[in-house]
Amino acid sequence: MRIFNTLGRSLQPFEPLGSTVKMYVCGPTVYDEVHMGHGRTFVAYDLMSRYLKLRGFNVIRVQNITDIDDKIIKRANDSGKSWEEIVDVYSKSYLEALDSLKVKVDLHPRVSMHINEIISFIEGLIEKGHAYQTSSGSVYFDVDTYRNYGELSNTAKNLWSQGEESVREKKHPYDFALWKASKPNEPFWDSPWGRGRPGWHIECSTMSTRYLGETFDIHGGGMDLIFPHHENERAQSESMLGHPWVKYWVHTAFITIKKEKMSKSLGNIIPLKDIIKKWGASTLRVWFLSSHYRTNVDFSDESMEQAKSSLERFRNAIAVLRSVIKEGNISYSSERGIKTSNKVLSIYQKFLTSMDDDFDTASALASIHELATLVFTEIQESRDFLSSVLAMQVMENFNSVFRVLDEEINANSLSLERIVDNILEVRKTLREKKMYEASDMIRDALMKAGIKIMDSKEGSTWRLE
Ligand SMILES: Nc1ncnc2c1ncn2[C@@H]1O[C@H](COP(=O)(O)OP(=O)(O)OP(=O)(O)O)[C@@H](O)[C@H]1O
Ligand SMILES: [Zn+2]
């Protein structure tokens, strides 16, 4: 496998540091609805971790929630609500959106729950001479003390402006805040430097090392985070730890609207929950994954229609495969069947090769389309059992990574269980009413269908014969 590393800007072989791949992704600042742009980024990392699992790795994935920030405070002041209320509403809505998008994260640490750890981290940086306190009670990172600054974002000194206020008290304009002295009407915490709150970058250095250790494999986020956020995180962490920190820096490109980044601050967002309601989570995931995670994608209803019809095509292919597996010719495959099976295997190989190549989901989806074509042009007609079973396995593996066909893949087992359990409930009522004849008829009918009922004092159970 190879993966594009922003550090060095090249495709590099993927060799994890240990037996578990550890991944940290910068999550949202919760002051407004999560939008499609966030969804793209979060689905991209979800897909990466699912693919690594398919490839046999253990994966642990941490994605933080930024619940202390200037934008949150502004929103609270503008709306007359407390910052806690704002954070509560939007973090719930974020977690719900992740759930309906089937994005799995193992841990969602919040800044407000890690203030002590953040303070200790900053104290460590001051002790090591990488940070300084100012008369206002703020603490800044001294960028000149970290010699690799600019390497991650590939930028020279004249481009290091941090876009932060109160530059006058900094030693250099490119130093950035670790701790901000509190102003009136702002939330604050006590610290060795007085009342204040953490700057943005320090939270990710603190929480990622706390949960993933002193080195980890993948650090991700959108491309807008390369500078200054990730550059600053790296400077803080490597200065503190005294050794290299993250092995692969991975960045996703943007969802745009009329070629402009979809962004809360620009006011052009489509909330995730609205788009999921309109198109469904599976169509949206297909749409996200139809382009490589490092290319910008412009939103349009037409492209969503295309994603919808791709999904429909995959669903139809599965329906054909199901019917062939159920009723197909189980006798030994014909020469033609063997040829088809080999085609299925080579399509799967292509799928893996694409995914191994920096998670090229667009090409991987093209392989699944190719498989669907094979189903419609050969398998549907030949009704060959072996190639159908193989094709179904490919679809299952594909779905374990893309998670767009859950209902179709799980249809059989789910419905069988549900049906038999319901029948047993009916039968229990019949027996309670002493209608033993009807109850026995049901038992015999199920037996003919290959389902054996076992009655006992505790109730009835069943198994496939
Ligand atoms: N339009 C987008 N396309 C892809 N990823 C995005 C987009 N907007 C934000 N992200 C990513 O989502 C994650 C959470 O973002 P965060 O809440 O910090 O957004 P933000 O950039 O402050 O929001 P906004 O730009 O909407 O004000 C980050 O990794 C960010 O890079
Ligand atoms: Zn971060």
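Residues numbered from 1 in each chain as written. Chains lettered and ligands numbered in written order. Predicted model: local features only at pLDDT ≥ 70, side-chain atom pairs only at ≥ 80, totals over all residues. Heavy atoms only, no water.

- Looking at an unreviewed UniProt entry, the chain carries the name Cysteine--tRNA ligase, with the source organism given as Sulfuracidifex metallicus DSM 6482 = JCM 9184.
- Quoted straight from UniProt, the Catalytic activity (unreviewed entry) entry for the chain says "tRNA(Cys) + L-cysteine + ATP = L-cysteinyl-tRNA(Cys) + AMP + diphosphate".
- Per UniProt, the chain carries the Sequence similarities (unreviewed entry) text "Belongs to the class-I aminoacyl-tRNA synthetase family." (UniProt positions renumbered as here; feature names shortened; annotations may be inferred.)

1. Topic: the coordination of the zinc ion (ligand 2)
Here is step 1 of the chain: At the metal site, the zinc ion (ligand 2) is ligated by Cys26 (SG), Cys204 (SG), His229 (NE2) and Glu233 (OE), and these contacts range over 2.0 to 2.7 Å.
Here is step 2 of the chain: One way to put it: the four donor atoms around the zinc ion (ligand 2) meet at angles of 70 to 128°, and that makes the site irregular. (Donors = N, O, S within 2.8 Å, 3.2 Å for Na, K, Ca; no water. Tetrahedral: all angles 85-135°; square planar, octahedral: opposite > 155°, others 65-115°.)

2. Quick word on the confidence of the model for the chain
Here is step 1 of the chain: When pLDDT is averaged along the chain, the result is 93, and 97% of the positions lie at 70 or above.
Here is step 2 of the chain: Scored as a complex, the prediction yields pTM 0.88 and ipTM 0.96. (pLDDT = per-residue confidence, 0-100.)

3. Brief notes about the domain arrangement of the chain
By convention, interface size is frequently given as the accessible area that disappears when the constituent parts associate.
Here is step 1 of the chain: When its domains are assigned, the chain resolves into domain 1 (2-252) and domain 2 (301-464).
Here is step 2 of the chain: Measuring from the centre of the C-alpha atoms in domain 1 to the corresponding centre in domain 2 gives 43 Å.
Here is step 3 of the chain: Domain 1 puts 12 residues into the contact, and the matching count from domain 2 is 15 residues.
Here is step 4 of the chain: Carbon and sulfur atoms supply 61% of the area that domain 1 and domain 2 bury against each other, a total of about 1,400 Å² over both sides.
Here is step 5 of the chain: The interface formed by domain 1 and domain 2 holds three salt bridges in total. (Domains from an automatic or database assignment. Contact = heavy atoms within 4.5 Å. Buried area = accessible area lost by both parts, 1.4 Å probe. Salt bridge = Lys/Arg side-chain N within 4 Å of Asp/Glu carboxyl O.)

4. A word on the site of ligand 1
Here is step 1 of the chain: Surveying the vicinity of ligand 1 reveals 23 residues, the closest of which are Thr41, Asp224, Met262, Lys264 and Ser265.
Here is step 2 of the chain: Between glycine 222 and ligand 1, the recorded distance is 3.0 Å, taken from a backbone N or O atom to an oxygen atom.
Here is step 3 of the chain: Here methionine 262 contributes a backbone N or O atom positioned 2.8 Å from a nitrogen atom of ligand 1.
Here is step 4 of the chain: If ligand 1 stood free it would expose 590 Å²; the protein chains cover 97% of that surface.
Here is step 5 of the chain: Within the residue set of the shell around ligand 1, elements represented by two or more residues are α1 (36-54) and β9 (216-222).
Here is step 6 of the chain: Among the elements that line the shell around ligand 1, the one with the most residues is α1, at four residues. (Near = heavy atom within 4 Å. Polar contact = N/O pair within 3.5 Å; in protein donor to acceptor, adjacent residues only side chain to side chain. Areas by Shrake-Rupley, 256 points an atom, 1.4 Å probe, with all protein chains shown as cover. Helix = DSSP H or I, 4+ residues; strand = E, 2+ residues; numbered from the N terminus.)

5. Some thoughts on the pairing of strand β14 (residues 451-456)
Here is step 1 of the chain: Taken together, the six bridges between β14 and strand β15 (residues 459-464) define a ladder with antiparallel strand orientation. The residue bridging lysine 452 from the neighbouring strand is arginine 463, located in β15.
Here is step 2 of the chain: Counted along the chain from β14 to the antiparallel partner β15, the turn is two residues long. (Pairing = 2+ DSSP bridges.)

6. Some words on the sheet that holds strand β12 (residues 260-261)
Here is step 1 of the chain: In space, the three strands of this open sheet follow the order β12-β11-β13, with mixed pairing throughout. Two strands bound the open sheet, and with one partner strand each, they are β12 and β13 (297-298).
Here is step 2 of the chain: Looking at chain direction, strand β11 (residues 255-257) and β13 are connected through two bridges and run parallel. What sits directly across from threonine 256, in β13, is aspartate 298.

7. As for the pattern of salt bridges
Close approach of charged atoms allows side chains of opposite charge to pair.
Here is step 1 of the chain: Scanning all chains against the criterion turns up 32 salt bridges.
Here is step 2 of the chain: Its salt-bridge partner being arginine 2, residue aspartate 357 comes within 2.7 Å of it at the nearest N-O pair. With aspartate 357 in the loop between α10 (335-356) and α11 (361-382) and arginine 2 in strand β1 (residues 2-5), this pair connects stretches of sequence that are 355 residues apart.
Here is step 3 of the chain: Looking at aspartate 357, the relative accessible area reads 28%, which means it is partly exposed.
Here is step 4 of the chain: Taking the relative accessible area as the measure of exposure, arginine 2 reaches 38% and is therefore partly exposed.
Here is step 5 of the chain: Note that lysine 157 is salt-bridged to aspartate 144, the shortest N-O span being 3.7 Å. Of this pair, lysine 157 sits in the loop between β6 (139-141) and β7 (176-181) while aspartate 144 sits in the loop between β6 and β7, and the two are 13 residues apart along the sequence.
Here is step 6 of the chain: Among the residues examined, lysine 157 registers a relative accessible area of 45% and is labelled partly exposed.
Here is step 7 of the chain: One continuous salt-bridge network, built from bridges that share partners, spans Asp70, Lys180, Glu186 and Arg197. (Buried < 20%, exposed > 50% of the residue type's maximum accessible area, 1.4 Å probe, protein only.)

8. A closer look at the nonpolar core
Here is step 1 of the chain: Formed by 125 residues in total, the largest nonpolar core has its most connected members in Ile275, Leu284, Trp287, Met395, Phe398 and Phe402.
Here is step 2 of the chain: Counting residues domain by domain, this core receives three or more from each of domain 1 (2-252) and domain 2 (301-464).
Here is step 3 of the chain: Not counting chain neighbours up to four residues away, the residues in contact with methionine 395 comprise Phe314, Ala317, Ile318, Leu321, Ile368, Leu371, Leu405 and Ile409.
Here is step 4 of the chain: Listed in part, the five residues of the second largest apolar core include Val420, Leu424, Ile451 and Ile453. (Core = buried A, V, L, I, M, F, W, Y, C linked by side-chain atoms within 4.5 Å.)

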